[in-house]
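Secondary and tertiary structure notes
Below are the chains, spelled out letter by letter.
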Amino acid sequence: PGNYNITLNVTNACGTVSASQSTVVKDLPYITTSSVSGACGSNTVNPASYFGFNGCGGTISNYAWTFNNGTPSTGTGASPGNVTFTNAGSNAMTVVATNECGSKTATVYVPVWPIPVVSAGPSMTICSGNPAFLQGSASNGTPSYNYSWSPSGSWSCCPNVYPSSTTTYYLNVS
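First, a word on scope: everything that follows refers to the structure included in this document. Remember, predicted model here, so these are calculated numbers, not experimental data.

Conventions we followed
- Residues numbered from 1 in each chain as written.
- Predicted model: local features only at pLDDT ≥ 70, side-chain atom pairs only at ≥ 80, totals over all residues.
- Heavy atoms only, no water.
- Helix = DSSP H or I, 4+ residues; strand = E, 2+ residues; numbered from the N terminus.
- Rg over C-alpha atoms; globule rule 2.2 N^0.38 Å.
- Contact = heavy atoms within 4.5 Å.
- Areas by Shrake-Rupley, 256 points an atom, 1.4 Å probe, with all protein chains shown as cover.
- Phe/Tyr/Trp six-rings, centres within 6.5 Å; stacked < 30°, edge-to-face > 60°.
- Buried < 20%, exposed > 50% of the residue type's maximum accessible area, 1.4 Å probe, protein only.
- Salt bridge = Lys/Arg side-chain N within 4 Å of Asp/Glu carboxyl O.
- Polar contact = N/O pair within 3.5 Å; in protein donor to acceptor, adjacent residues only side chain to side chain.
- Pairing = 2+ DSSP bridges.

1. Brief notes about the overall build of the chain
Helix and strand counts for the chain stand at zero helices and 18 strands. What you see for the chain is a C-alpha radius of gyration of 31 Å, clearly larger than the 16 Å of a compact globule of 174 residues, by over 25%. When its C-alpha atoms are laid out on the principal axes, the chain stretches across 120 × 30 × 15 Å. In the chain, 51% of the contacts between residues at least 6 apart in sequence involve partners at least 24 apart. Of the roughly 10500 Å² that the chain leaves accessible, carbon and sulfur atoms contribute 51%.

What follows is the structure in structure tokens.
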């Protein structure tokens, strides 16, 4: 792509005659992409931040967007506005850019991780000084999980604790 001058020189016994003309060579649009960082539960992104456009000598006349599992599900223009993805997994964000030479398609994937479901186990009653077996668990996220109990300071899912009085234990899973 680019602007070029083309010159024709014709020579005969009478001399040389030249004629020139400018020619513009165009190509399909060029689209660059960058990756999207993942988020837990939902991911709201501005598509224009992850796609770059070059008309390659032409003028992009149409941008057609589709957002797999996104809200909204479609868009137009170079910057279609924010899109929210709530389905866990890798959600496709696709654009078709069109200029006078044709269309080009590019896709970027938007990762959404499921929010973990955490359980600190059932409430229990024990006699002072006896052990309690805490029964923490996590699911629906991306293992491996990191467990942190307070006030015990334990880093496992299911520690034995020895409370001397009524104690509430809190479980944090990351």
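2. Points about the packing of aromatic side chains
The relation between two aromatic rings is expressed through the spacing of the ring centres and the mutual angle of the planes. Evaluation of the coordinates by the stated rule reveals four aromatic pairs. Relative to tyrosine 63, the ring of phenylalanine 53 has its centre 4.9 Å away and its plane inclined at 80 degrees; by these criteria the two rings are edge-to-face. Of this pair, phenylalanine 53 sits in strand β6 (residues 51-54) while tyrosine 63 is found in strand β7 (residues 62-67), placing the two residues ten residues apart along the sequence. Geometrically, the ring pair formed by tryptophan 65 and phenylalanine 67 is stacked, given 6.0 Å between the ring centres and 20 degrees between the ring planes. A relative accessible area of 2% means that tryptophan 65 is categorised as buried. Here the aromatic residues Phe51, Phe53, Tyr63, Trp65 and Phe67 are joined through ring pairs into a cluster of three or more.

3. So, the pattern of salt bridges
What the rule picks out here adds up to one salt bridge. The closest approach of N and O atoms between glutamate 100 and lysine 26, which form a salt bridge, is 2.7 Å. Of the two residues, glutamate 100 sits in the loop between β11 (89-99) and β12 (102-113) while lysine 26 sits in the loop between β2 (15-25) and β3 (30-33), which places them 74 residues apart along the sequence. Given a relative accessible area of 47%, glutamate 100 falls into the partly exposed group.

4. Concerning the environment of tryptophan 155
Structurally, the position occupied by tryptophan 155 is in the loop between β16 (147-150) and β17 (160-161). Linking tryptophan 155 and asparagine 172, residues 17 residues apart in sequence, is a C-alpha distance of 9.7 Å. Excluding its chain neighbours within four sequence positions, the residues that come into contact with tryptophan 155 are Tyr147 and Ser148.

5. Describing the side chain of asparagine 99
Looking at the element boundaries, asparagine 99 is found in strand β11. Only 2.8 Å separates the side chain of asparagine 99 from the backbone oxygen of aspartate 27, close enough to count as a polar contact. The contact partners of asparagine 99, leaving out residues within four places of it in the chain, are Asp27, Leu28, Pro29, Gly55, Gly58, Thr59, Ile60 and Ser61.

6. Digging into the pairing of strand β18 (residues 170-173)
Residues Leu171 and Val173 line the buried face of β18, whereas the alternating positions Tyr170 and Asn172 sit on a face that is not buried. Pairing geometry for β16 and β18, over four bridges, is antiparallel. Within β18, the position partnered with serine 150 by the bridge is tyrosine 170.

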